[in-house]
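Results of the structural survey
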Amino acid sequence: MPSIPPLPSFRSQSRARRQLPHIPVPTARAVVDCAVYIDGRRLPGHFSHADAMAEVSNRGAGFVWVGLHDPDEYQMADIAKVFDLHPLAVEDVIHAHQRPKLERYDDTLFLVLRTVSYVPHEIHSVSEIVETGDLMVFTGPNFAVTVRHGEHTGLAGVRKELEDRPDQLMLGPGAVLHAVADHVVDSYVAVAQSVENDIDEMEEEVFTPRSAVTIESIYQLKREVVELRRAVNPLGTALEALGRNTTMPLPKEIRRYLRDVADHHTAVAERINDFDEALSALITAALAKVGVQQNTDMRKISSWVAIAAVPTMIAGIYGMNFTHMPGLEATWGFWIVIVITLAICLGLYVNFHRNNWL
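On a predicted model such as this, the values are computed, not experimentally measured, just so you know. (Residues numbered from 1 in each chain as written. Predicted model: local features only at pLDDT ≥ 70, side-chain atom pairs only at ≥ 80, totals over all residues. Heavy atoms only, no water.)

Digging into a negative patch on the surface
Test applied: Patch definition: residues above 30% relative accessible area lacking any salt bridge, with like charges linked at up to 9 Å and the nonpolar side chains Val, Leu, Ile, Met, Phe, Trp and Tyr linked at up to 5 Å. Areas reported here follow the Shrake-Rupley algorithm with a probe of radius 1.4 Å; residue values treat only the protein chains shown as occluding. Between Lys or Arg on one side and Asp or Glu on the other, a salt bridge is scored when a side-chain nitrogen of the former is within 4 Å of a carboxyl oxygen of the latter. Note on charges: Lys and Arg go in the positive column, Asp and Glu in the negative column, and His and the chain ends are not counted at all. To locate a charge, take atom NZ for lysine, CZ for arginine, CG for aspartate or CD for glutamate. Comment: elements are numbered from the N terminus, with helices defined as DSSP H or I runs of at least four residues and strands as E runs of at least two.
The grouping of Glu 122, Asp 200, Glu 201 and Glu 204 at the surface amounts to a negative patch. Locating Glu 204 in the fold gives a position in helix α7 (residues 173–206).

Notes on the UniProt feature "transmembrane region" (unreviewed entry) in the chain
How we decide: UniProt positions are given in the numbering used here, feature names are shortened, and annotations may be inferred rather than shown by experiment.
UniProt records the feature "transmembrane region" (unreviewed entry) at residues 301–320 and 332–352, using the numbering of this structure. Secondary structure across residues 301–320 comprises 90% helix and 0% strand; the distance between its end C-alpha atoms is 28 Å.

Comments concerning the packing of aromatic side chains
Aromatic ring pairs are defined here through the distance separating the ring centres and the angle between the ring planes. To keep things clear, this is the line we draw: Stacked, tilted and edge-to-face are the three classes applied to pairs of Phe, Tyr and Trp rings, where Trp contributes its six-membered ring and a pair requires centres within 6.5 Å; stacked means planes under 30 degrees apart, edge-to-face means over 60, and tilted covers the rest. Only protein chains enter the accessibility calculation, which uses a 1.4 Å probe; a residue is then buried when its area is under 20% of its type maximum, exposed when over 50%, and partly exposed in between. By definition, being over a ring means that NZ of Lys or CZ of Arg is both within 6 Å of the ring centre and within 35 degrees of the ring normal.
All chains considered together, the criterion is met by six aromatic pairs. An angle of 45° between the planes, with centres 5.1 Å apart, marks the rings of Phe 83 and Phe 143 as tilted. Of the two residues, Phe 83 sits in helix α3 (residues 73–83) while Phe 143 sits in strand β7 (residues 143–149), which places them 60 residues apart along the sequence. In this structure Phe 143 comes out as buried when scored by relative accessible area, which is 3%. A ring pair is formed by Phe 352 and Trp 357, whose centres lie 6.0 Å apart and whose planes are at 20°; its orientation type is stacked. Every member of this aromatic cluster is reached through a ring pair, and the members are Tyr 37, Phe 63 and Trp 65. Geometry around Trp 65 places Arg 159 over its ring, the cationic atom sitting 4.0 Å from the centre.

Focus on the sheet that holds strand β5 (residues 108–118)
As a reminder of what qualifies: For two strands to pair, DSSP has to find at least two bridges joining them. Here, residues are in contact when the closest pair of their heavy atoms is within 4.5 Å. For helices, the axis comes from a line fit to the C-alpha atoms of the stretch in contact; other axes are also lines fit to C-alpha atoms, and the angle between any two N-to-C directions lies between 0 and 180 degrees.
Strand order in the open sheet formed by seven strands is β2-β1-β3-β7-β6-β5-β4, and the pairing between neighbours is mixed. Bordering the open sheet on either side are β2 (41–42) and β4 (101–105), each of which pairs with just one other strand. Two strands pair when backbone bridges link them, and strand β1 (residues 31–38) and strand β3 (residues 63–69) are joined in this way by six bridges, in the antiparallel orientation. Note that in β3 the partner of Val 36 across the bridge is Val 64. Relative to strand β6 (residues 130–139), helix α4 (residues 87–95) is tilted by about 155°, and along the sheet it contacts β4, β5, β6 and β7. The strands touched by α7 are β3, β5, β6 and β7; relative to β5, the strand with the most contacts, the crossing angle is about 25°.

Observations regarding the pattern of salt bridges
The final tally for this structure, using the stated rule, is 13 salt bridges. The partner of Asp 134 in a salt bridge is Arg 114, and the shortest N-O contact between them spans 2.9 Å. Here Arg 114 lies in strand β5 and Asp 134 lies in strand β6, a separation of 20 residues in the sequence. Using a relative accessible area of 2% as the deciding quantity, one classes Asp 134 as buried. Look at Arg 114 and you get buried, because its relative accessible area is 14%. For Arg 271, the salt bridge is made with Glu 196, and the minimal N-O distance between the two is 2.3 Å. Of the two residues, Arg 271 is situated in helix α10 (residues 252–318) and Glu 196 in helix α7; the sequence distance between them amounts to 75 residues. Accessibility expressed as a relative area gives 25% for Glu 196, which makes it partly exposed.

Notes on the side chain of Asp 276
Relative to the helices and strands, Asp 276 resides in helix α10. With relative accessibility at 14%, the residue Asp 276 sits in the buried group. Discounting chain neighbours no more than four positions away, the residues touching Asp 276 are Lys 222, Val 225, Val 226 and Arg 229.

A short note on the confidence of the model for the chain
Condition: In predicted models, pLDDT denotes the confidence assigned by the predictor to each residue on a 0 to 100 scale.
When pLDDT is averaged along the chain, the result is 85; 89% of the residues meet or exceed 70. Per-element averaging of pLDDT across the chain places helix α1 (residues 10–19) at the bottom with 42 and β3 at the top with 95. Overall, residues 1–21 carries pLDDT values under 50, and its contacts beyond four positions in sequence, including any with other chains, amount to two contacts.

Remarks on the packing of helix α8 (residues 215–232) against α10
Test applied: Working definition: roughly parallel below 35 degrees, roughly antiparallel above 145 degrees, roughly perpendicular at 65 to 115 degrees, and oblique for all remaining angles. For any helix crossing, the convention is left-handed if the near helix is rotated counterclockwise from the far helix by under a right angle, and right-handed if that rotation is clockwise.
Running from N to C, α8 and α10 point in directions that differ by 160°, and their axes come no closer than 10 Å. On the basis of their axis angle, the class for α8 and α10 is roughly antiparallel. At the point where α8 passes α10, the crossing takes the left-handed sense. Of α10, the residues touching α8 (which contributes Ile 215, Ile 218, Tyr 219, Leu 221, Lys 222, Val 225, Val 226, Leu 228, Arg 229 and Val 232) are His 265, Val 268, Ile 272, Asn 273, Phe 275, Asp 276, Leu 279, Ser 280, Leu 282, Ile 283, Ala 286 and Leu 287.

A word on a nonpolar patch on the surface
Side chains of Trp 332, Phe 334, Trp 335, Ile 336, Ile 338, Ile 340, Leu 342 and Ile 344 sit close together on the surface and give an oily, nonpolar patch of about 880 Å² of accessible area. Within the secondary structure, Trp 335 is located in helix α11 (residues 333–354).

Re unusual backbone geometry
Excluding glycine, a negative phi dihedral is what most residues carry, and trans is how most peptide bonds are arranged. At His 97, a position not held by glycine, the phi torsion is positive, near 50°. For His 97, the position within the fold is in the loop between α4 and β4. Taking relative accessible area as the criterion, His 97 reaches 65% and is therefore assigned exposed. Positive phi, normally seen in glycine, also occurs at Asp 106, with a value near 55°. Structurally, Asp 106 can be placed in the loop between β4 and β5.

Written as structure tokens, this is what we have:
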């Protein structure tokens, strides 16, 4: 009878899986939309990124706009080959989670933006409030490539709005850069407004007697504001460079639009800085409120202890085993002691109440 070979162990199976070559996923899987624009109008039909670039090259006019979502390194390598993207910029796209910045590689601009999204939550809970993602934009003489990481801040609406404005698209790939930056900054404004509403509600709760807001929830909101500030504030330098630097490969009209976006960004960045200061003051106020409440509770406890000490002391004295004590043999001795005890306790209560201890 032939022997049956032993089954491979789990460790050997795992090693074999690691040694299997990675099968590249087609680039089309990462492409959300790809279009060719001539004189501000989208050409009918569907194009691959390579066919779209070839169409623009043959015509000698127009530009390509390719939108990508979470591409891997093989897909980005294919995109980089067609559009001649710099390897350093491609590496930033693959690894994502980059700080907002602007890089220039000859006639190609590479803009990194951080996207933010507000997460509805209960004001008393400790949970995530702001989600962040990444959005990268490449613009060249005849192409625009947008890469999005994350599930929010989609660009379908931005593309639709631009396609409804052919005069804007006629300005070239710079129009895409401006539209994306403007869309992201508008999302910053919306998120900042939602966070401001949270802070206003939390302020009202903190100064409400016996409120349920805890120091932990304020710290959580402060931490989320810090994350929001890290995502928003660094973009100001890039927007200023795009709007003010005349050597950038952008039309003059696009630079004017970008200066307006930079102004909006400055306003929202200042609001976010104010949030941080407001929350720091709110934490201080909440801690002071806790201290005052504890002090008030201790005064009440001390007052009642002082009042309870009077009958305790008198009962302790008359509980001693002495034969001769004042009022011990008197007919009304018990009631006299009770009246004196109640009078002293009532006097203490009135005095403490007058001094706002009770």
